[in-house]
Structure formats: structure tokens, C-alpha cells
Amino acid sequence: MKKESIWIKMYIIALFFCGVGMWFSAQPAHKHKVCTATMLDRRIMKVLIANGVIKNDIISQHIKERDIKTAVWNEFYKVIKLKSGETVKSFEKIFRSIASSMKMGLSRTDNDDGSVTYKFYLPGKNYSNITFVNSKEPSRG
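Residues numbered from 1 in each chain as written. Predicted model: local features only at pLDDT ≥ 70, side-chain atom pairs only at ≥ 80, totals over all residues. Heavy atoms only, no water.

Caption draft 1: Representation of the packing of aromatic side chains within the structure. This model, assessed by the stated rule, comprises 6 aromatic pairs. Each ring, one from F95 and one from Y118, has its centre 5.5 Å from the other, and the planes form 75°; the classification is edge-to-face. One end of the pair, F95, is in helix 3 (residues 89–101); the other, Y118, is in strand 4 (residues 116–122), and 23 residues separate them in sequence. Taking 6.2 Å as the distance between ring centres and 25° as the angle between the ring planes, the aromatic pair formed by F95 and F132 counts as stacked. Pair noted here: F95 is in helix 3 and F132 is in strand 5 (residues 125–133), with a separation of 37 residues, a long-range link. With relative accessibility at 0%, the residue F95 sits in the buried group. An aromatic cluster is present here, built from F91, F95, Y118, F120 and F132 joined pairwise through their rings. (Phe/Tyr/Trp six-rings, centres within 6.5 Å; stacked < 30°, edge-to-face > 60°. Helix = DSSP H or I, 4+ residues; strand = E, 2+ residues; numbered from the N terminus. Buried < 20%, exposed > 50% of the residue type's maximum accessible area, 1.4 Å probe, protein only.)

Caption draft 2: Region of the structure containing the pairing of strand 3 (residues 105–110). As paired elements, strand 3 and strand 4 share 6 bridges and run antiparallel to each other. Counted as the bridge partner of L106 is F120 from strand 4. The hairpin formed by strand 3 and strand 4 contains 5 residues between the paired strands, and G114 there has a positive phi angle of roughly 95°. (Pairing = 2+ DSSP bridges.)

Scope: geometric values only; no functional claims are made or implied.
As C-alpha cells, this is what we get:
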């Protein structure tokens, strides 16, 4: 009788751990990173507006939703035409401040076509790409 009782208890404990494992595997991906990306985009938009960027200066913009098993986030892409006489340096210091305050990295890429791209990122996650093109260049959507 005691042997059967021990096996039943072990069986119940094994079922319990299987149930806990299934519960954890069925949990949805964490959505807080979507909020991080949106908060970053709002801060970037405030900087752009404060520096005189208007709707007509935005050549193109789109959002890509990214999803991996443990995280979901949005990637924001913007191509902005600089007004004549403006340079990207007026944005770079503020972008670095935003990246630092949000504990993100910021990279700058000088593209072959003369445009400059700033990328806000965390390891394995790209949150925002902002490309500035000179006003003399033809706009590419």
C-alpha cells in the first residue's frame, strides 16, 4: 500500500510541474517594449517639430512590428528632407541625449548618397531609423 501511495504522489507532483511549465510557455510576449518604442518616437517627433520639421519635410515614414518569443516592439522609419542651410549636427546632440536618457545606443551612418541615418537601438532590437537627406537631392519615397 505504501509503494502505491508514493507512486501516486510522485505522479501528482510530476503533473503539477508539467502544468506549471505549460502555463509559462503559453504566456503572451511582453508588450512593454512596444511602449518603449512609442515613447521614443514621441520624443523624437517633439525634437523634430521643435527644430522646424514640418509635415512636408517628411519624405516617407513607416512602422514595422517585430515579434520574437519573449518580446514585441515597433521599429519606426523616417526619411526627412533638411531645409537648405540646415545640418544634421543640430539634431545629433539632442538625439544622443534622448538615447542616453532611455539607456539606448545611438549610431550614425553617413550613407553613400550623402544622407545621414541615425539608429536608436538596444542589443538585438532596432527601435528607430531617421534618415536626413539634403534638400537639393531628389526625394525618394
